[in-house]
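# Coordinates in review
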Amino acid sequence: MLAFGAVVDLSLDPLAADSIERLTRPVAALPGRLGQHVAGEFAAVHVADERTRSFDADLPLRADGLVVAGALRIDAQRDLRTKLSAGGSGSETSASDAELVALAARRWSDRFAEHLLGDYAIVVWDRARGQLMAARDPLGNRQLYWARVGSRVALGSSVDIVRALPGLSSELDDEAIASVLGHGWVERADATVLRDVHRVPAGHTLVLARDAPARLRRHWEFPVPAPLRFAREEDYLGRFAEVLGDVVGDRLRSSSATIFLSGGMDSSTLAATARQSVPAVTLRAITSVQPTLAPSDDDHLSAAIARRLGIEQTVLDEDTRPALAYLEAPGALPAQPLDEPDLADLRVGAAVAARQAPVALFGEDGDMLLRPPSLFRQLRTQPLHEVVGSWLRFRTAAGRWPWVGLEWRRRLSRLWRGAPTPGTPWLRRPRPPARPRAEHPLRPLTARALSSPQWDALYEAFEPATTRASVLFTLPLTDPRLLAFVFSIPPVPWCQDKQLFRRAMRDTLPPEVLARRKTPLEGYLEARVAQWRAAGGADTVISDRVAAWVNIPAVREVLRTGSAYEALDAWRVVQVDAWLSREDARRA
């Protein structure tokens, strides 16, 4: 499902026609096939891809007194069907994804999402109980927003859909706007830039009933698996291939798919796995290049990977559109401000991907998945003899010691120097405090990074409501099954310089790709800012709409003469100002 909205009256009164019409309007503006389901107090609207996908073909679904709506793909179905078969009717053996959700909701009520894996934003209406349940997948691949006015509740995949609820205020959330300006995203996991529109946080379930306050409960935590130890290297690699094959295979339940391919290990490992695990799926590649702004060996390495795997490749030149080009079309601004200066390029890539296939694989974030814990963390969580032995073996094989970790240096630096100077001195108020990050006994750095609110912004940028393209992005490297496997194996050698990927792909990918180390795009940001300034970007008018949050003269000076990184921060002001201008026009 590309986009969806649902509205329910918890008092069981039939919905007025204008409620349904208002809900339909923002969904109908998106590309795809519009559908509608209305039954008394409940209505759902959705936009589906013209190309049928098995995992969402029967949405919305009425089953056993429940209505299931949303955007969903349920993974690891063998395990789920086994759980449901205990004392079940047998219907789970042939149930579709939506039917599996209905069975899970019937079996486990508002704890149903604890048993689900996949990419999903699910709404379940149980009329008999007068209970509305909504759940978002563990890492937040799909967006889910909600709002309530009296007994009526609206839910949907974008802020614009939810705010269509009659009687809902359009008041801004002052702290959320300040957070976007200061951080680049809304720090509060359950908030949006509109005061009365809320986000269901990743890995959470929302429960609503007529005479009860909203209940929000976490249904997923980062895994803490038991250690997995094999005597042979081949056994680790075999198990990794099995897990990643399942992860990728679950996502490629369509006749074709696109992968955004660079010359690095992450996307190439996914591409190779897709070819090996699901050979019947037609796989195509898209590679973005900046030959003038940031020439890179990604260009020829990605071509070598595509040839080696037999994948048709499309190369997109992203040199020509300056940063913030998407602001030139106010009618296509995102539903809430995004810190995404290259959104115009993302939309071009999404449009090409949509022409090729209904599903696109994206390689974020192998760096975080395989980020090793520090030596101190290993000594606290592994037997001493195992740590010493693995370090000595790595030193012998690689000619260097594994990554030690510099946590103690960072802590001492904070004590000596105090808090770091913020990169946004033009803010009129302190940046809202950062959201507490997940703590994890085995991989704290990975869990902390993957629970960052930056991911909410990334997933929102990938939503069809933002890209305006009929393609679903999915990120296999953040799958909970893959996290559980990586967290269970020794970090040395497997998490050092992506040795897990490199060794698994040594007979599959070109040798020059396997030998290549992490290579940042040197000078890219500086060139991007210079290009924007040369096109007159620094003369962009900033209105008084943002004066409550920022010192406008200071922002203008940064945009004209600041460093590339300072300009990158100040671009957020330009984006928020454009969004506020669109808001003013909508209210007029």
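Remember, predicted model here, so these are calculated numbers, not experimental data.

## Topic: the overall build of the protein
Looking only at helices and strands, the protein has 23 helices and 17 strands in total. Its C-alpha radius of gyration of 24 Å places the protein within 12% of the 25 Å reference for a compact globule of 588 residues. Here the C-alpha coordinates of the protein stretch approximately 75 × 70 × 50 Å along the principal axes. Per-residue burial for the protein yields a buried fraction of 59% across its 588 residues. If you take every contact in the protein between residues at least 6 apart in sequence, the share linking residues at least 24 apart comes to 71%. Carbon together with sulfur atoms contributes 53% to the accessible area of the protein, which is approximately 23800 Å² in total.

## Things to note about the pairing of strand β5 (residues 66-75)
Taken across its ten residues, β5 has ten buried, putting it largely inside the fold. Two strands pair when backbone bridges link them, and strand β4 (residues 61-63) and β5 are joined in this way by three bridges, in the antiparallel orientation. Bridge assignment links Ala63 to a residue of β5, and that residue is Leu66. Linking two consecutive strands that pair antiparallel, namely β4 and β5, is a turn of two residues; a positive phi of about 55 degrees is found at Asp64 within it. Note that β5 and strand β6 (residues 117-126) share ten bridges and pair antiparallel. For Ala69, the partnering residue across the bridge sits in β6 and is Val123.

## Concerning the packing of helix α2 (residues 77-85) against helix α3 (residues 97-108)
Across the interface, α2 lies against α3 with an axial gap of 11 Å and an inter-helix angle of 40 degrees. Our classification of the angle between α2 and α3 gives oblique. Handedness of the crossing formed by α2 with α3: left-handed. Within the contact between the two elements, α2 uses Gln77, Leu80, Arg81, Lys83 and Leu84 and α3 uses Asp97, Leu100, Leu103, Ala104, Arg107 and Trp108.

## Let's talk about the packing of aromatic side chains
Under the defined criterion, the tally for this structure stands at 13 aromatic pairs. Aromatic pair Phe462 and Phe473: ring centres 4.4 Å apart, planes at 5 degrees, arrangement stacked. Placement of the pair is Phe462 in helix α15 (residues 454-462) and Phe473 in strand β17 (residues 472-474), with a sequence separation of eleven residues. Classification of Phe473 by relative accessible area gives buried; the value is 3%.

Cut-offs applied
Residues numbered from 1 in each chain as written. Predicted model: local features only at pLDDT ≥ 70, side-chain atom pairs only at ≥ 80, totals over all residues. Heavy atoms only, no water. Helix = DSSP H or I, 4+ residues; strand = E, 2+ residues; numbered from the N terminus. Rg over C-alpha atoms; globule rule 2.2 N^0.38 Å. Buried < 20%, exposed > 50% of the residue type's maximum accessible area, 1.4 Å probe, protein only. Contact = heavy atoms within 4.5 Å. Areas by Shrake-Rupley, 256 points an atom, 1.4 Å probe, with all protein chains shown as cover. Pairing = 2+ DSSP bridges. Axes fitted to C-alpha atoms, helices over the stretch in contact; angles between N-to-C directions. Parallel < 35°, antiparallel > 145°, perpendicular 65-115°, else oblique. Left-handed = near helix turned anticlockwise from the far one by under 90°. Phe/Tyr/Trp six-rings, centres within 6.5 Å; stacked < 30°, edge-to-face > 60°.

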